[in-house]
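# Structural overview
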Amino acid sequence: MTGPGEAKFSELFDVISDYARRGYDHQDKALQIIAGTYVFMFEKEEMPDVRPVVDGILEQYDYVFTTLERGNLDPLSVDAVVRVALYKEEYMEWGINRLGRILESLHRRSRADESYADYVEDSAVVIRGLESIVAGSALEEIVEGNGA
């Protein structure tokens, strides 16, 4: 596992970490940067392990990072988890676990808040994220199988 100081782009990790400790708008930007930066497992440059940063943001919101406009699940939070999960094979289990926590929190919210109308749509976003991780895992096995 690569620590923040050992990987390339450690200064980017520092910005992401700093933003994650701030308010909602900065956390939203941190998730945007993560989703746009942690691209697939075949990336040549070794990026820092950002899983604790994503966990820190999601934990603050009981794993349901919502949009300010409608209060529904921000798909960007799911995308950030998926991108990090697909970045390295050993991150996939973490990603599946976090998406499971998001689903659990969405379910709890649907039971506690009768006005929560986006439960089905929000759950579908998470399920698509799970499908992406599973498909990414299958793709990696195919690529590794052809290279062996």
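Read on for an overview of the structure. (Residues numbered from 1 in each chain as written. Predicted model: local features only at pLDDT ≥ 70, side-chain atom pairs only at ≥ 80, totals over all residues. Heavy atoms only, no water.)

Bringing helix H4 (residues 75-87) into the picture now. With 13 residues, H4 ought to run about 18 Å at 1.5 Å a step, and its terminal C-alpha atoms sit 18 Å apart, in line with that. Of all 13 residues in H4, 10 are buried, a share of seventy percent or more. Leu76, Ser77, Val78, Ala80, Val81, Val82, Val84, Ala85, Leu86 and Tyr87 are the residues of H4 that are buried. (Helix = DSSP H or I, 4+ residues; strand = E, 2+ residues; numbered from the N terminus. Expected span 1.5 Å × (residues − 1). Buried < 20%, exposed > 50% of the residue type's maximum accessible area, 1.4 Å probe, protein only.)

The next point concerns the environment of arginine 51. In this fold, arginine 51 is placed in helix H3 (residues 51-60). C-alpha separation for the pair arginine 51 and tryptophan 94, spaced 43 residues apart in sequence, amounts to 8.2 Å.

Right, let's get into the side chain of serine 105. Relative to the helices and strands, serine 105 resides in helix H5 (residues 92-112). For serine 105, a relative accessible area of 3% puts it in the buried group. Serine 105 has contacts with Asp62, Tyr63 and Val64, leaving out every residue within four places of it along the chain. (Contact = heavy atoms within 4.5 Å.)

Time to look at the side chain of aspartate 55. Along the polypeptide, aspartate 55 turns up in helix H3. You can call aspartate 55 buried: its relative accessible area is 12%. At 3.2 Å, the side chain of aspartate 55 forms a polar contact with the side chain of tryptophan 94. Aside from chain neighbours lying at most four places away, what touches aspartate 55 is Tyr63, Trp94 and Arg98. (Polar contact = N/O pair within 3.5 Å; in protein donor to acceptor, adjacent residues only side chain to side chain.)

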